[in-house]
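As a plain string of letters, each chain reads:
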Amino acid sequence: MDLVEGHYPIEAPAGVPEWDVDPFAPEILTDPIDYYTELRAKGPFAYIPKYSMLACGRYDEAKEVFSDHERFVSGRGVGLQDFKLEQPWRPPSIVLEVDPPYHTQNRRVLARVMATKAVQRLKEAFRIAADDLIDALLERGSFEGVGDLAEAFPVNVFSKAVGLADADRCKLVDYGAMVFNGIGPDNAIRQASMAKVPTIVPWITEQCRRENLSDDGIGAEIYAAADTGEITEDEAGMLIRSLLSAGIDTTVTGLGSALWCFANNPGELERLKVDPKLARPAFEETLRFTSPIHSFCRTAGVDTEVGGVSIVEGTKILCVLGAANLDESHWTDAGKFDIQRRTLGHLAFGIGIHGCVGQNLARAEGEAVLGAIARKVGRIELDGEPVWRPNNSIRALDRLPLRFHTA
Ligand code: OVV
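What counts as what
- Residues numbered from 1 in each chain as written.
- Predicted model: local features only at pLDDT ≥ 70, side-chain atom pairs only at ≥ 80, totals over all residues.
- Heavy atoms only, no water.
- Patch = residues over 30% accessible without salt bridge, like charges linked within 9 Å, V, L, I, M, F, W, Y side chains within 5 Å.
- Areas by Shrake-Rupley, 256 points an atom, 1.4 Å probe, with all protein chains shown as cover.
- Salt bridge = Lys/Arg side-chain N within 4 Å of Asp/Glu carboxyl O.
- Helix = DSSP H or I, 4+ residues; strand = E, 2+ residues; numbered from the N terminus.
- Near = heavy atom within 4 Å.
- Polar contact = N/O pair within 3.5 Å; in protein donor to acceptor, adjacent residues only side chain to side chain.
- Pairing = 2+ DSSP bridges.
- Axes fitted to C-alpha atoms, helices over the stretch in contact; angles between N-to-C directions.
- Contact = heavy atoms within 4.5 Å.
- Core = buried A, V, L, I, M, F, W, Y, C linked by side-chain atoms within 4.5 Å.
- Buried < 20%, exposed > 50% of the residue type's maximum accessible area, 1.4 Å probe, protein only.
- 1 Å grid on protein atoms, 1.4 Å probe; cavity = no way out; pocket = protein on both sides within 12 Å on 5 of 7 lines; lining within 4 Å.
- Points joined across faces, edges and corners; volume = space filled by probe spheres on them.
- Nonpolar A, V, L, I, M, F, W, Y, C, P; charged D, E, K, R; others polar.
- Parallel < 35°, antiparallel > 145°, perpendicular 65-115°, else oblique.

**What to know about a nonpolar patch on the surface**
- Nonpolar side chains collect at one region of the surface, where Met1, Leu3 and Tyr8 lie side by side and expose about 320 Å² of accessible area between them.
- Mapped onto the elements of the fold, Leu3 is located in the segment before α1 (26-30).

**Some words on the site of the ligand**
- In the region of the ligand, the neighbouring residues are Arg90, Ser93, Val95, Leu96, Val179, Phe180, Ser242, Ser245 and Ala246.
- The contact in question runs from an oxygen atom of the ligand to an N or O atom on the side chain of Ser93, over 2.6 Å.
- For the ligand, an oxygen atom lies 3.4 Å from a polar atom in the side chain of Ser245.
- Summarising the interface, the protein chains cover 87% of the accessible area of the ligand, which totals 280 Å² for the free molecule.

**Focus: the sheet that holds strand β12 (residues 401-406)**
- In spatial order, the strands read β4-β12-β9; together these 3 strands make up an open sheet with antiparallel pairing. Only two strands of the sheet have a single partner each, and these edge strands are β4 (142-144) and β9 (377-382). Going from strand to strand, the sheet's axes swing by 30° on average, the running direction of each strand aside.
- Helix α13 (residues 249-264) rests against β9 and β12 of the sheet, and its axis sits at about 95° to β9.

**Quick look at the nonpolar core**
- Ranked by size, the top nonpolar core spans 105 residues in total, and within it Phe153, Ile222, Ile373 and Phe404 carry the most contacts.
- Setting aside anything within four residues of it in sequence, one finds Ile222 in contact with Val109, Leu110, Val113, Ile231, Ala236, Leu239, Ile240 and Leu243.
- Within the second largest apolar cluster, 28 residues are counted, among which are Val78, Val306, Ile311 and Leu347.

**Structural notes on the layout of surface pockets**
- Of the volumes computed, that of the largest pocket is approximately 340 Å³.
- What lines the largest pocket is a set of 21 residues, among which Ala177, Asn181, Arg389, Pro390 and Asn391 lie closest to the centre.
- Contributions of two or more residues to the lining of the largest pocket are made by α7 (145-162), α8 (169-182), α9 (188-194), α13 and β11 (396-399).
- Across the lining of the largest pocket, the residue classes tally to 11 nonpolar, 5 polar and 5 charged.
- Considering the residues around the second largest pocket, the lining is formed by 17 residues, among which Thr205, Cys208, Gly237, Met238 and Arg241 are closest to the centre.

**Focus on the pattern of salt bridges**
- Per the counting criterion, the structure on display carries 30 salt bridges.
- Between Glu284 and Arg363 there is a salt bridge, with the nearest N and O atoms lying 2.7 Å from each other. Of this pair, Glu284 sits in helix α15 (residues 279-290) while Arg363 sits in helix α17 (residues 359-376), placing them 79 residues apart in sequence. Like Arg363, Glu284 is buried.
- Here the residues in one salt-bridge network are Arg76, Asp82, Lys84 and Glu313, joined through shared partners.

**Regarding the pairing of strand β8 (residues 316-320)**
- Among the 5 residues in β8, 5 count as buried, and that is most of the element.
- Here β8 shows two buried faces, one formed by Lys316, Leu318 and Val320 and the other by Ile317 and Cys319.
- Strand direction decides the pairing type here: strand β2 (residues 53-56) and β8, joined by 3 bridges, are parallel. Among the inter-strand pairings, Cys56 is bridged to a residue of β8, identified as Cys319.
- Two elements, strand β5 (residues 295-300) and β8, share 5 bridges in a ladder whose sense is antiparallel. Residue pairing across strands places Phe296 opposite Cys319, the latter belonging to β8.

**Some words on unusual backbone geometry**
- A cis amide bond links Pro100 to the next residue, Pro101, at an omega of 5°.
- Take Pro101: it is sitting in the loop between β3 (72-73) and α4 (102-113).
- Located in the positive-phi region is Asp333, a residue other than glycine, with phi close to 45°.
- Here Asp333 lies in the loop between α16 (321-324) and α17.

**Digging into the packing of α7 against α8**
- The interhelical angle for the contact between α7 and α8, taken along N-to-C directions, is 95°, at an axis separation of 10 Å. Here α7 is positioned roughly perpendicular relative to α8, judged by the angle of their axes. Residue-level contacts link Gly147, Asp148, Glu151, Ala152, Val155 and Ser159 of α7 to Arg169, Leu172 and Val173 of α8.
- Of the residues in the contact of α7 with α8, the class split is 4 nonpolar, 2 polar and 3 charged.

So far we have only geometry, and geometry alone does not tell us how the molecule works.
Structural data, given as structure tokens:
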């Protein structure tokens with residue numbers, strides 16, 4: 001049987017509408033809201049013939065598929081390729097692209113080194129770095145929100161927290177983009193990213209080696225788990241690769257989107273300034289409202305049923321988190337950016353055993369930056385048109401010209 005994008009082709013299950021759309025077309029990736037709305041309107045699932053897969057954009061089904069790691073596995077890849085049938089472009093992640101029981105021991109190490117207590121120790125450094133950065137940008141007035149803030153902050157603080165010797169912003173951001181594009185089909189966007197593999201992957205691998213990490217960071221703590229025999233030395237390197245895969249572009253995107261949300265909603269900035277403690281809930285609402293990771297797949301490991309739809313083993317299901325987080329039947333005024341909303345249950349960090357293991361660290365970064373903005377910035381002005389950067393699984397800005405005004 002011929003594969004489609006590296007997985008078994010399927011037929012549309014009974015009752016599921018066919019939808020002739022390309023979810024990975026640049027026009028949709030850079031402006032996804034109408035696609036999200038239409039996908040939800042199709043029902044619990046739509047069948048996408050171009051990729052011979054199902055897509056779900058409603059909250060309930062996206063949550064059900066994402067939560068149930070026994071029926072919907074990650075070990076066959078969280079993109080369109082089925083790792084049982086084709087070899088992936090890089091050795092699979094030993095936390096994202098694996099299932100229990102192997103997943104459990106690896107996840108435990110990451111969960112420990114990024115637990116609430118561990119993140120607590122980083123908060124003061126994050127606050128100082130954010131205050132310094134916002135002061136410098138206020139001084140400059142106009143700046144590029146993506147490069148000068150959204151990328152600059154995580155590259156600086158996360159690299160230090162991990163203990164990287166060399167925080168090359170370009171390489172770190174390009175590697176993240178490659179990993180997230182890699183999850184999509186073999187389109188031009190993915191191919192452009194993959195062209196950079198020969199220059200970036202060896203550099204990333206080098207950064208993950210024990211001798212290239214400081215002895216007081218998260219990286220060193222992961223290697224300490226190899227000393228006690230909890231994991232092997234190679235696995236420690238692989239877990240650090242996961243930090244570099246998932247820890248930069250995601251927070252860059254969350255911060256960039258937060259700036260975009262506040263530039264477009266000056267009233268919400270006013271509310272944040274009145275009560276800077278809203279920095280944390282405001283970042284959370286940014287995540288719900290913009291969904292930095294817009295979609296990830298799961299693979300049905302068994303014949304099963306969701307929302308009355310029969311799903312055959314081997315089916316790739318595109319879970320469109322961006323659509324689920326804007327589902328009007330779950331969220332009141334879903335399309336409104338409201339920093340005081342109850343955001344509990346949003347799917348931006350995923351959910352279940354694969355839910356973002358670095359989410360408290362990500363929140364601490366968002367809180368530091370939005371807290372500094374709340375205390376220091378009077379007004380945020382768009383200083384040109386925002387430009388989006390199409391990516392097969394993240395919804396990221398490419399450029400965001402901004403001007404900060406003092407109070
Ligand atoms: C959550 C996530 C995204 C991308 C890559 C990885 C994890 C990884 O473990 O490599």
